[in-house]
Amino acid sequence: MNVECPLTTNTGTVVRLGHGSGGVMSQQLLRECVFPHFDNAWTKQEHDGARIPMPKGQVVFTTDSFVITPLFFPGGDIGKLAVYGTVNDLAMCGARPEYLSCSLILEEGLPFATLDRVIESMARAASETGVQFVTGDTKVVERGKGDGLYINTAGIGTMACPDAIEPRQIRPGDRIILSGDIGRHGVAVMAKREGLCFDSPLQSDCAPLHGAVRSLLDAGITPHCLRDLTRGGLATALVELAETARKEILVHEADIPVGDAVQGACEMLGLDPLYVANEGRFIAFIRPEEVDRALSILSRDPVGSGSRIIGKVGEGDCHQVILRNSLGCERLLYRLPGEQLPRIC
Amino acid sequence: MRYLHEYRQRESIEKIQTEISRITTRPWTIMEVCGGQTHAIVKYGLETFLPEQVELVHGPGCPVCVTPLGIIDRAISIAARRGVIFCSFGDMLRVPGSERDLLAVKAVGGDIRIVYSPLDAVALAEDNPDREVVFFAIGFETTAPANAMAAYLARKKGLRNFSLLVSHFLVPPAIEAICSTTDNRVQGFLAAGHVCAVMGYEQYPPLARRHRVPIVVTGFEPLDILEGVLMCLSQLEQGSCRVENQYARAVDRRGNAPAQEMVKQVFEIADQHWRGVGHIGHSGLRLNPGFADFDAEKRFAPPHTPRMDDSGCISGQIMRGLKKPCDCPHFGRRCRPEQPLGAPMVSSEGACAAYYRYNRQVTTDER
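It should be emphasised that the depicted structure is a prediction, and the values quoted were computed from it without experimental measurement. (Residues numbered from 1 in each chain as written. Chains lettered and ligands numbered in written order. Predicted model: local features only at pLDDT ≥ 70, side-chain atom pairs only at ≥ 80, totals over all residues. Heavy atoms only, no water.)

## Observations concerning the domain arrangement of chain A
Residue and element names in this part refer to chain A. Put simply, the rule is: The source of the domain bounds is an automatic or database domain assignment. A quick way to say it: buried area is the sum, across both parts, of accessible area lost when two parts are put together, with a 1.4 Å probe. Think of a salt bridge as a Lys or Arg side-chain nitrogen and an Asp or Glu carboxyl oxygen that are within 4 Å of each other.
Looking at chain A, the domain boundaries give domain 1 (7-159) and domain 2 (167-333). A straight line from the C-alpha centre of domain 1 to that of domain 2 covers 29 Å. The contact between domain 1 and domain 2 buries some 1,700 Å² in all, and 66% of this surface belongs to carbon and sulfur atoms. By the criterion of area lost to domain 2, the three top residues of domain 1 are Pro74, Asn88 and Met92, representing 34% of everything that side buries. Between domain 1 and domain 2 we count zero salt bridges in total.

## A short note on the nonpolar core
The cut-off we apply is this: Each nonpolar core is a collection of buried residues, namely Ala, Val, Leu, Ile, Met, Phe, Trp, Tyr and Cys, held together in the definition by side-chain atoms within 4.5 Å. With a 1.4 Å probe rolled over the protein chains alone, any residue whose accessible area is under 20% of its type maximum counts as buried; one over 50% counts as exposed, and the rest are partly exposed. In what follows, residue pairs with any heavy atoms lying within 4.5 Å of each other are defined as contacts.
Core analysis: the biggest nonpolar cluster contains 86 residues, and Phe86, Phe162, Phe189 and Tyr204 of chain B have the highest contact counts within it. Ignoring sequence-local partners within four residues, the contact set of Phe189 of chain B consists of Met31, Val33, Ile175, Ile178, Cys179, Val213, Pro214, Ile215, Val216 and Cys232 of chain B. In this structure, Val83, Val87, Ile151 and Cys206 of chain A belong to the second largest nonpolar core, which totals 36 residues.

## Thoughts on helix α5 (residues 112-129) of chain A
For the record, the criterion: Strands here mean DSSP runs of E at least two residues long; helices mean DSSP runs of H or I at least four residues long; both are numbered from the N terminus. Helix span, as expected, comes to 1.5 Å for every residue beyond the first.
Across its 18 residues, α5 of chain A extends 25 Å between first and last C-alpha, which sits within 8% of the 26 Å expected from 1.5 Å per residue. The buried fraction of α5 of chain A amounts to 13 of the 18 residues, a majority that puts the element mostly inside the structure.

## Some points on the sheet that holds strand β5 (residues 132-141) of chain A
Residue and element names in this part refer to chain A. We apply this condition: Paired strands, as defined in this entry, are two strands with at least two bridges between them according to DSSP. Axis lines are fitted through C-alpha atoms, for helices just across the contact stretch, and the angle between N-to-C directions can take any value from 0 to 180 degrees.
The mixed open sheet is built from four strands, whose spatial order is β1-β6-β4-β5. The outermost strands of the open sheet, each flanked by one partner alone, are β1 (59-66) and β5. Going from strand to strand, the sheet's axes swing by 15° on average, the running direction of each strand aside. Judged from the nine bridges that link them, strand β4 (residues 95-107) and strand β6 (residues 149-159) form a sheet pairing that is antiparallel. Residue Ile105 lies in a different strand from β6, and its bridge partner there is Tyr150. Where helix α4 (residues 78-92) meets the sheet, its contacts fall on β1, β4, β5 and β6, and the angle it forms with β1 comes to roughly 150°.

## Structural notes on the side chain of Lys324 of chain B
All names here are of chain B. The condition is simple: Here a polar contact is taken to be a pair of N or O atoms separated by no more than 3.5 Å, where protein atoms must pair a possible hydrogen donor with a possible acceptor and residues adjacent in sequence count only if both atoms sit in side chains.
With respect to the helices, strands and loops of the structure, Lys324 is situated in the loop between α14 (315-319) and α15 (351-358). Judged by its relative accessible area of 15%, Lys324 falls in the buried class. Looking at Lys324, its side chain comes within polar contact range of the main-chain oxygen of Leu56, at 3.0 Å.

## So, the packing of helix α6 (residues 184-194) of chain A against helix α9 (residues 260-269) of chain A
Residues and elements named next belong to chain A. So the rule is basically this: In this scheme, a crossing is called left-handed if the near helix is turned counterclockwise away from the far one by less than a right angle; it is called right-handed if the turn is clockwise. For this scheme, ten residues count as nonpolar: Ala, Val, Leu, Ile, Met, Phe, Trp, Tyr, Cys and Pro. Four count as charged, namely Asp, Glu, Lys and Arg, and the remainder, Gly too, count as polar.
Where α6 meets α9, the axes come as close as 10 Å, and the angle between the chain directions of the two elements is 60°. Along this stretch, α6 crosses α9, giving a crossing that reads as left-handed. Where α6 approaches α9, its residues Arg184, Val187 and Met190 are matched on the opposing element by Val262, Ala265, Cys266 and Leu269. Of the residues belonging to the contact of α6 with α9, the class tally is six nonpolar, no polar and one charged.

## Let's talk about empty space enclosed by the protein
All names here are of chain B. Put simply, the rule reads: Lining residues are defined by having an atom within 4 Å of a point belonging to a cavity or pocket. Those points lie on a 1 Å grid over the protein atoms alone, cavities being sets where a 1.4 Å probe fits but cannot get out and pockets being open sets with protein on both sides within 12 Å along at least five of seven lines. Grid points are joined across faces, edges and corners, and a volume is the space filled by probe spheres set on the points.
One pass over the full model with this rule turns up two cavities of 30 Å³ or more. Volume-wise, the largest cavity comes out at about 80 Å³. If you trace the largest cavity, you find it lined by Cys313, Ile314, Ile318, Pro325, Cys328, Phe331, Cys335, Gly342, Pro344, Met345 and Cys352. When contributions to the lining of the second largest cavity are tallied by element, the ones reaching two or more residues are α2 (35-43), β2 (54-61) and α14.

## Describing the interface of chain A and chain B
Of the residues lining the interface, 37 residues belong to chain A; the matching set on chain B comes to 40 residues. Of all residues in chain A, Leu327, Leu341 and Ile344 of chain A bury the most surface against chain B, accounting for 24% of the area lost on that side. For Glu267 of chain A, the salt bridge goes to Arg8 of chain B, with nearest N and O atoms at 2.8 Å. Inspection of the chain A/chain B interface yields four residue pairs in polar contact (both at pLDDT 80 or more). Ranked by residue count, the leading element in the side of chain A that touches chain B is α9 of chain A, at five residues. The class makeup of the residues in the side of chain A that touches chain B is 16 nonpolar, nine polar and 12 charged.

## Brief notes about the sheet that holds strand β8 (residues 225-228) of chain A
Residue and element names in this part refer to chain A. Strand order in the open sheet made by the seven strands is β8-β10-β7-β11-β9-β12-β13, with mixed pairing throughout. Either end of the sheet is taken by a strand with one partner, and the two such strands are β8 and β13 (330-333). Looking at each pair of strands side by side, their axes are set apart by 25° on average, direction ignored. In the sheet, strand β7 (residues 175-178) pairs with strand β11 (residues 308-313) via four bridges, with the strands oriented antiparallel. Bridge pairing links Arg175 to Lys312 in β11. Strand contacts of helix α10 (residues 291-299): β7, β10 (282-286) and β11, with the helix running at about 10° to β7, the strand carrying the most contacts.

Structure (structure tokens):
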């Protein structure tokens, strides 16, 4: 759908504080900029909440907030992230994503053209992933008190398998599959934000992961645990899981794919790709007897075509992540104390 | 990836390991000067490829670590001023001053920007003519040319709202100082390849002769470092003290002449205080009189409050090769990356940060 926001001609070209007042301008903003993109039975009701049908069994409920500069980056934008991020969180719990909410926090002065691009991107991503936006909210903050646009989405999904997929299900001997090369989102966004140039253009890996998970479940493979790699990267995800599951995790650095552009940027800036953000990669903990079949299924999915086994769960209960490097030496992975900062020379 | 993977291969490393074991007949202590080399050594576990008799100690080549407390306090004082945009390399933001760090100033409203190049700070000054833009120009000979270029360009563009807070260090005088101490343990040096890529290595032969130490200009990849160690050990075993260049793919004897010329145009040699190490004559750079107008110390006159660096940090002994990070009673206890007592625990080139991040014990037998 290509709906251009008509407010640009009616009330100027930018968001004003009045658009968050709850009055006429707010209503106009919703009716002319938001609802046309999120057109369904629930938004038509224009009620305080959405009454949605629930199947028997369990549902999964999650929420995520999206703050990113720049709003548009190679391979994605904040709107796409806001849909895929929540869809991916549902998928990682083994749920089929069904419904989303959308809360927009707009900064006074945001061009309607920007808002329109973002909402259109959200609508496209929702349609692609088969989810419906059923409720939402809009607020406007004074100029200088926001970063253009913040988005929160919450999501509800229905469990697509009878067994829980969660850290506590992780078992010794599980193989760990990584769905593709790491670090592309973090480096692409940093390059765009800081004006860094590379010989080959680098795109964010931003992608929905529910399809790949669904393929596994449909084939009768229920991973013990799934985790999408977001901020903090692969290393942080592994450390979190080792601690929650109270299990030891062993990974081989040589088996972790890192593209040349990401590797080159990280070498230059002194960053560790293991800690760089991703938005379309996940790890799956799979029973050893199912791992070959899981790899073959994931390899056929567009987001899993680069899937590799990167390690396994050990017998020990020391809940550490041990990385063996290409020279055969081992070290422990930890959470970073804060942000990764580029080095000096 | 070219220029990376071929220097990280186990087979090549093992060949060097075999040769090192073959030629080593007695204990030797070798210092790698640069923090980047220290990190590679600890990250890749390179000491496990060396015989027990060979000890690597970690030098003062971490720019963040040696920047004196006083100048960090002055940076914090300038950065906290209204109207100032304070630009810094990211690594400096977490270094503790007497009372707080630059990140704490940012958190309460200071306009502090991480830049990737000093020229980004010049561009910020052009884009913000009503703001004072200050660049925290720190580092060794590696960052000096680009920092000099920033001052040179700012003068050429007639920017009156741009200045530099300078804290620059020179490596050869530090090696000289380490060799001259009575308790020196270092018998050979791996010189920092990137410093030599800029400056060449013609300064080193007199130093090597005077103190009878072999100096090997060395790169940063695992294979580079072990090859540098092998070349250094080979000289030590033969009793020679020459300067050799392991990093010939990046370094030649004379270095980068245009970069040296830029440094000469903007800076002059000055005495310098190295945090933890102390005063070393002629070991720093400051803006020369032609660029005095761009000196942030003169423009803002931040208070010089002498403070004792009494945190308990033993970085000076570590950077002179007398101790290792794990010899410090505070390492990993009172001093951790999220609450550092000293800069070496913060910097991506600091020895303590390297040990904390890469060298803690793997506590299991199962693989």
